[in-house]
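Results of the structural survey
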Amino acid sequence: MAVPIGAFLNPSFLDWDGRVSAVLFCIGCPFRCPFCHNARLVLGGARPRSFNRILSSLRKTTGFLDGLVLSGGEPAMHSSLPETIRTLREETGLPVKLDTNGLYPEMLAALLEEKLIDAVAMDVKGPMESYSLLAGVRVDTNRIRRSMDLLTRSGAEVLFRTTYVPDLMTERDLLEMRLMMQDRGRWVVQLFRPGVTLAKELRQGRKPDPDRLRALLPGVEIRGRE
Ligand code: SF4
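Right, let's walk through the structure included here. Quick caveat, the model's predicted, so the values are computed rather than measured.

Reading the values: rules and limits
- Residues numbered from 1 in each chain as written.
- Predicted model: local features only at pLDDT ≥ 70, side-chain atom pairs only at ≥ 80, totals over all residues.
- Heavy atoms only, no water.
- Helix = DSSP H or I, 4+ residues; strand = E, 2+ residues; numbered from the N terminus.
- Contact = heavy atoms within 4.5 Å.
- Pairing = 2+ DSSP bridges.
- Axes fitted to C-alpha atoms, helices over the stretch in contact; angles between N-to-C directions.
- Phe/Tyr/Trp six-rings, centres within 6.5 Å; stacked < 30°, edge-to-face > 60°.
- Lys NZ or Arg CZ within 6 Å of the ring centre and 35° of its normal.
- Patch = residues over 30% accessible without salt bridge, like charges linked within 9 Å, V, L, I, M, F, W, Y side chains within 5 Å.
- Areas by Shrake-Rupley, 256 points an atom, 1.4 Å probe, with all protein chains shown as cover.
- Salt bridge = Lys/Arg side-chain N within 4 Å of Asp/Glu carboxyl O.
- Lys, Arg positive; Asp, Glu negative; His and termini not counted.
- Charge placed at Lys NZ, Arg CZ, Asp CG, Glu CD.
- Buried < 20%, exposed > 50% of the residue type's maximum accessible area, 1.4 Å probe, protein only.
- Near = heavy atom within 4 Å.
- Nonpolar A, V, L, I, M, F, W, Y, C, P; charged D, E, K, R; others polar.
- Parallel < 35°, antiparallel > 145°, perpendicular 65-115°, else oblique.
- Left-handed = near helix turned anticlockwise from the far one by under 90°.
- Expected span 1.5 Å × (residues − 1).

With respect to the element layout, S21 can be found in strand β2 (residues 21-26). When sequence neighbours within four positions are dropped, the list of residues in contact with S21 reads L9, N10, P11, S12, D15, W16, L65, G67 and V69.

This is the structure we're talking about:
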């Protein structure tokens, strides 16, 4: 059985740098990040879409696409992810990128070993000591570190990304993270957007100041709507 897909976007110009992609958003996530914008996927309110219909849509548009993105929610929590990606690759011949929160190093290792994924974007929520606060649940950060180490050594196209939420993090946290992320490859800081977040308190939360972040973190890519 395929991973439950709660939303499907085709095409997307934003989800894989430099590529036109189709994005499959998986239902379910073990985290409850207060700043998350995907409540329907995370809390299970999204209705599963027909995988066969998604495949049929992909077959018609494969010629216009450069890749597929498995996003969420958290795709790697589903044991059927390898089989789902195998099917997608067989049907489309397209490379695959995985978006993950890094909680499943065993799944990442298996996907990399079988060469089922070509690129990975991993969210690194913040400094390890703040992880459970930022993920909204208790997190075994050894698992996060294992995923980061695995990806750093993998040779795949890897992007680490952190959403800066001024109401939950300090600038000192970002400086600590810059040290943690050095020598790990590409790390980008995303600007938090208030709006329909999981935690009601953040819906009117403070927005980051991009100019201040650029001055604080020279050389680090700052992303997001300003
Ligand atoms: S932001 Fe957090 S809760 Fe939302 S999908 Fe990502 S890991 Fe899950």
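From this point on, the discussion continues.
Our focus in this paragraph is the sheet that holds strand β8 (residues 221-223). One open sheet holds the 8 strands; their spatial order is β1-β2-β3-β4-β5-β6-β7-β8, and the pairing between them is mixed. Looking at strand neighbours, the two that pair on one side only are β1 (5-12) and β8, the edges of this open sheet. The mean inter-strand angle of the sheet, taken between neighbouring strand axes irrespective of direction, is 20°. Bridging between strand β3 (residues 67-71) and strand β4 (residues 96-100) involves 3 bridges; their strand directions are parallel. In the sheet register, L68 faces β4, and the bridge partner there is V96.

Following the criterion strictly, the structure yields 0 aromatic pairs and no others. Above the face of the W16 ring, R19 is positioned so that its terminal group lies 4.4 Å from the ring centre.

On to a positive patch on the surface, then. On the surface, a cluster of positive charge is made up of R40, R47, R49 and R53. Looking at where R47 falls in the secondary structure, it is placed in the loop between α1 (39-42) and α2 (51-61). R47 gets classed as exposed once you look at its relative accessible area, which sits at 63%.

With that settled, the discussion passes to the pattern of salt bridges. The tally for this structure, following the rule as stated, stands at 18 salt bridges. K97 is the salt-bridge partner of D99, the closest N and O atoms lying 2.6 Å from each other. The two residues D99 and K97 agree in class, both being buried. Notably, a salt bridge pairs D123 with K125, separated by 3.5 Å at the nearest N-O pair. By relative accessible area, which is 9% here, K125 ends up buried. What you see here is one network of salt bridges that share partners, running through K97, D99, D123, K125 and R161.

A separate point is the site of the ligand. Every residue lining the ligand is accounted for by C29, F31, C33, C36, V42, G73, N101 and K125. The residue inventory of the shell around the ligand, partitioned by class, reads 5 nonpolar, 2 polar and 1 charged.

A few words now on the packing of α2 against helix α3 (residues 81-92). Packing of α2 against α3 brings their axes to within 10 Å, and their N-to-C directions diverge by 30°. When the axis of α2 is compared with that of α3, the two are roughly parallel. Viewed along their axes, α2 and α3 form a crossing whose handedness is right-handed. Side by side, α2 and α3 meet where F51, L55, L58 and R59 of the first sit next to T84, T87, L88, E91 and T92 of the second. When the residues that make up the contact of α2 with α3 are grouped by side-chain class, the tally is 4 nonpolar, 3 polar and 2 charged.

Taking 1.5 Å as the rise per residue, α3 with 12 residues should run 16 Å; its terminal C-alpha atoms sit 16 Å apart, in good agreement. Elements in contact with the buried residues of α3: β2, α2, β3, β4 and α4 (105-113). Of the residues trailing α3, G93 is marked for its positive phi of about 70°.

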